[in-house]
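Inside the fold
Each chain is listed here by its residues.
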Amino acid sequence: EVGTYQPALGQANESVCIRCPPGKYGAFTGASTCASCPAGSWNDEFDKTACTICPEGKWTHSSGSLRAGDCTPCAGGGNCLPDGDARITIELGNFPYAELDTTQMADVEAALAEDIASACGTNNESVVDVFGKESSVSISLDGQVSAFVKDVTGSSANELAARLYSASFRGEL
């Protein structure tokens, strides 16, 4: 059931699932953990399937925020993207990292970069992995995707967060 998780494999029914706590959410069934609310969002309830985006001009600067009061005004007159760049972090549950060869992994990294670019309204080359490679993302062994989006224009940090944290974007992944 979404909004819950179960770290033990082989459970027979949903009654043994554990509710995702505040500051976390569960977006899909069968999760072994809940994801932390990303920076720029918060959640103060159990069983949530998404987190609440901070109001325009405010941001949380760490993941797992528990309340709306954690959203603080951004520096520079409320512009949360003062240099036009954004760091994107996405947690992929149950990502089969070990099952992919180098070519398949490169294809996944390029496809994720394309999805992020599309959601941010920018070109693929604007999405770079943590080493600076264009049109790519970095994926850790636990399935955490990291990338930078350069030269974002026409959208606030809050608008980008709303797109990247949406159910439709998660569905694309």
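As the structure is a computational prediction, the values presented were derived from the model and not from experiment.

One pair of aromatic rings is described through two measures. These are the centre distance and the angle between the planes. One pass over the full model with this rule turns up zero aromatic pairs. Between the NZ or CZ atom of R19 and the centre of the ring of F46, over which it lies, the distance is 4.3 Å.

Right, let's talk about the confidence of the model for the protein for a bit. Looking at the protein as a whole, its pLDDT mean stands at 87, while 99% of the residues score no less than 70. Of all secondary-structure elements in the protein, the lowest mean pLDDT belongs to helix α1 (residues 75-78), at 74, while strand β10 (residues 127-128) reaches the highest, 94.

All right, on to the state of the cysteines then. Throughout the structure, instances matching the rule amount to four disulfides. Shown here is the disulfide that connects C20 with C34, its sulfur atoms set 2.0 Å apart. Torsion about the S-S bond of the C20 and C34 cystine: about -85°, corresponding to left-handed handedness. With a gap of 14 residues between them, C20 in the loop between β2 (18-19) and β3 (24-25) and C34 in the loop between β3 and β4 (35-36) connect regions that are remote in the sequence. The same class applies to C20 and to C34, which are both buried. Along the protein, the cysteines that take part in disulfide bonds pair up as 1-2, 3-4, 5-6, 7-8, counted in sequence order. Left unpaired, C17 is separated from the closest cysteine sulfur, that of C20, by 9.5 Å. C80 provides the cysteine sulfur closest to C120, a residue in no disulfide bond, and the two sulfurs are 15 Å apart. By relative accessible area, C120 is classed as buried at 2%.

It is worth spelling out the environment of A68 at this point. Tracing the backbone shows A68 in the loop between β7 (58-59) and β8 (72-73). By relative accessible area, A68 is classed as partly exposed at 40%. Counting along the chain gives 35 residues from A68 to T33, while the straight-line C-alpha distance between them is 23 Å.

Okay, unusual backbone geometry next. Here the phi dihedral of D47 falls at roughly 65°; this positive angle occurs in a residue that is not glycine. Secondary-structure assignment places D47 in the loop between β5 (41-42) and β6 (52-53). Residue D47 is classed as partly exposed on the basis of its relative accessible area, which comes to 34%. Even without glycine at this site, S135 takes up a positive phi of about 55°. Positionally, S135 belongs in the loop between β10 and β11 (138-139). The class of S135 is partly exposed, set by a relative accessible area of 25%.

Conventions used here
- Positions within a chain are numbered from 1, following the residues in the order the chain's sequence is written.
- Since the coordinates come from a predicted model, pLDDT governs what is reported: local features require at least 70, and pairs of side-chain atoms require 80 or more to be given and counted, while whole-chain, interface and lining totals use all residues.
- Think of the side-chain values as coming from all heavy atoms in the structure, minus any hydrogens and water.
- Here a pair means two rings of Phe, Tyr or Trp (six-membered ring of Trp) with centres within 6.5 Å. Their orientation is stacked below 30 degrees between planes, edge-to-face above 60, and tilted elsewhere.
- For a lysine, the NZ atom is tested; for an arginine, the CZ atom; a charge sits over a ring if that atom is within 6 Å of the ring centre and within 35 degrees of the ring normal.
- Residue-level confidence of the predictor, termed pLDDT, takes values from 0 up to 100.
- In DSSP terms, a helix is any run of H or I states spanning at least four residues, a strand is any run of E spanning at least two, and both are numbered starting from the N terminus.
- Two cysteine sulfur atoms make up a disulfide if the distance between them is within 2.5 Å.
- Here the term buried applies to any residue with accessible area under 20% of the maximum for its type, exposed to any over 50%, and partly exposed to those in between, with areas from a 1.4 Å probe on protein chains only.

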